Amino acid sequence: MQKQRILIAGCGDVGSALGLELIAAGHFVQGLRRTINQLPAGIHGIAADLTDPTSLTGRLPACDILVYCAAASQHDEAGYRAAYIEGLRNLLEALPARPRHLFFTSSSGVYHQADGGRVDETSPAQPERFSGKVMLEAERLAHDSGMAATVVRFSGIYGPGRNHLINQVRSGVAAPASPVHYSNRIHRDDCAGILAHLITIALRGESLEPLYLASDDEPAPLHEVMEWLAEQLGIEIRERRPIRRGGSKRCSNARLKASGYRFRYPDYRAGYQEILKGIQDL
């Protein structure tokens, strides 16, 4: 495939992993973030602030593919609106030319369902929390951008350096077995792999769906995940308490897998085993 120019806006953990995959595939990758000294070698940095239009003016290159994968720096409504709506709007207005395709990374938090049932791309999304409402509004902005756009809704991202659940288990805490709370997750490397996979399809000129739900093969009760982690760590669970991790639902990845993607870490055991090995090797 001919080398393409790809701009990753909000090039943090997932964006950097994606950038490395795209470079390995022979593409020219630029990563936009406030500070670029932490970008991996090979990703050409653009130091700019998505929430500051003046920092973007005249700084953006023409690109074939635009990936918007920013993260909110503050977890309140103002922070979410700045990162996902204002940032995307500022970027789109500052682009010197229209890319062939826009990819916007969203969240399964847009789903309101909490009854343990299955959700997919056709399920209604009527979020009650500000975070889900803002993400849904940002998705609409991406689709109304005037260019071909694909939204990818990731479930709970875990991976290297994302040890919140492990640290809770290490403190002897786990979720209660009843009521059952289904959780959904996706490894950071699969986030990057999925985006690279969809970008490759777009660059081949093949059609993409406007929306993909990205989560691994095995939605699992949260207490089972934490009990398994405790067993791997040799930790005794001493306390059971509700762990706030969104509504109880089971995310389907059938559409994504039908596109040809195969998960590197199809369930939490495969993903966490490698993370735990890395922690224990330190």
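All figures in this text were calculated on a predicted structure; none of them were measured in a lab.

## Considering the pattern of salt bridges
Line of reasoning, step 1. Evaluated as defined, the whole model comprises 16 salt bridges.
Line of reasoning, step 2. As a salt-bridge pair, Asp-64 and Arg-5 come within 3.4 Å of each other at their nearest N and O atoms. Placement of the pair is Asp-64 in the loop between helix H2 (53-56) and strand E4 (65-68) and Arg-5 in strand E1 (residues 5-9), with a sequence separation of 59 residues.
Line of reasoning, step 3. Taking relative accessible area as the criterion, Asp-64 reaches 13% and is therefore assigned buried.
Line of reasoning, step 4. A relative accessible area of 39% means that Arg-5 is categorised as partly exposed.

## A few points about the sheet that holds E4
Line of reasoning, step 1. Within the open sheet, the seven strands sit side by side as E3-E2-E1-E4-E5-E7-E12. Their pairing is parallel. Only two strands of the sheet have a single neighbouring strand rather than two, namely strand E3 (44-47) and strand E12 (211-214). Here the average twist between neighbouring strands, direction ignored, is 20 degrees.
Line of reasoning, step 2. Strand direction decides the pairing type here: strand E2 (residues 28-33) and E3, joined by four bridges, are parallel. Residue Leu-32 lies in a different strand from E3, and its bridge partner there is Ile-46.
Line of reasoning, step 3. Together, E1, E2, E4 and strand E5 (101-107) form the strand contacts of helix H3 (residues 77-94), whose direction differs from that of E4 by roughly 160 degrees.

## Examining unusual backbone geometry
Line of reasoning, step 1. With an omega of -5 degrees, the peptide bond between Ser-178 and Pro-179 qualifies as cis.
Line of reasoning, step 2. Along the chain, Pro-179 falls in the loop between strand E9 (173-174) and strand E10 (182-183).

## A word on the state of the cysteines
Line of reasoning, step 1. All chains considered together, the criterion is met by zero disulfides.
Line of reasoning, step 2. Cysteine Cys-63 shares no disulfide, and the gap to the nearest cysteine sulfur, in Cys-69, comes to 13 Å.
Line of reasoning, step 3. Accessibility expressed as a relative area gives 7% for Cys-63, which makes it buried.
Line of reasoning, step 4. Sulfur of Cys-191: no disulfide; nearest cysteine sulfur belongs to Cys-69 and is 9.9 Å away.
Line of reasoning, step 5. The exposure class of Cys-191 is buried, given its relative accessible area of 0%.

## With respect to the environment of Ala-82
Line of reasoning, step 1. Tracing the backbone through its elements, the reader meets Ala-82 in helix H3.
Line of reasoning, step 2. Other than its neighbours up to four places away in sequence, Ala-82 contacts Thr-51 and Gly-87.

## Some details on the UniProt feature "domain: NAD-dependent epimerase/dehydratase" (unreviewed entry) in the protein
Line of reasoning, step 1. In the numbering used here, UniProt assigns the "domain: NAD-dependent epimerase/dehydratase" (unreviewed entry) feature to residues 6-171.
Line of reasoning, step 2. For residues 6-171, the end-to-end C-alpha separation is 42 Å, with 33% helix and 22% strand making up the annotated structure.

## Comments concerning the pairing of E5
Line of reasoning, step 1. With six of seven residues buried, E5 lies mostly within the body of the structure.
Line of reasoning, step 2. Where E4 meets E5, four bridges bridge the pair, whose relative direction is parallel. Within E5, the residue paired with Val-67 across the bridge is Phe-103.
Line of reasoning, step 3. Read as a crossover between parallel neighbours, the route from E4 over H3 to E5 is right-handed.
Line of reasoning, step 4. Where E5 lies against strand E7 (residues 149-154), six bridges are found, and the strand directions are parallel. Paired with Thr-105 across the strands is Val-152, a residue of E7.

## Points about the packing of H3 against helix H4 (residues 130-143)
Line of reasoning, step 1. Between H3 and H4, whose axes approach to 9 Å, the crossing angle comes to 5 degrees. Considered as vectors, H3 and H4 are oriented roughly parallel to each other. Where H3 approaches H4, its residues Glu-77, Tyr-80, Arg-81, Tyr-84, Ile-85, Leu-88 and Arg-89 are matched on the opposing element by Phe-130, Ser-131, Val-134, Met-135, Glu-137, Ala-138, Leu-141 and Ala-142.
Line of reasoning, step 2. A per-class count over the contact of H3 with H4 returns 10 nonpolar, one polar and four charged.

Criteria and thresholds
- Residues numbered from 1 in each chain as written.
- Predicted model: local features only at pLDDT ≥ 70, side-chain atom pairs only at ≥ 80, totals over all residues.
- Heavy atoms only, no water.
- Salt bridge = Lys/Arg side-chain N within 4 Å of Asp/Glu carboxyl O.
- Helix = DSSP H or I, 4+ residues; strand = E, 2+ residues; numbered from the N terminus.
- Buried < 20%, exposed > 50% of the residue type's maximum accessible area, 1.4 Å probe, protein only.
- Pairing = 2+ DSSP bridges.
- Axes fitted to C-alpha atoms, helices over the stretch in contact; angles between N-to-C directions.
- Contact = heavy atoms within 4.5 Å.
- Disulfide = S-S within 2.5 Å.
- UniProt positions renumbered as here; feature names shortened; annotations may be inferred.
- Right-handed = clockwise from strand over helix to strand, strands pointing away.
- Parallel < 35°, antiparallel > 145°, perpendicular 65-115°, else oblique.
- Nonpolar A, V, L, I, M, F, W, Y, C, P; charged D, E, K, R; others polar.

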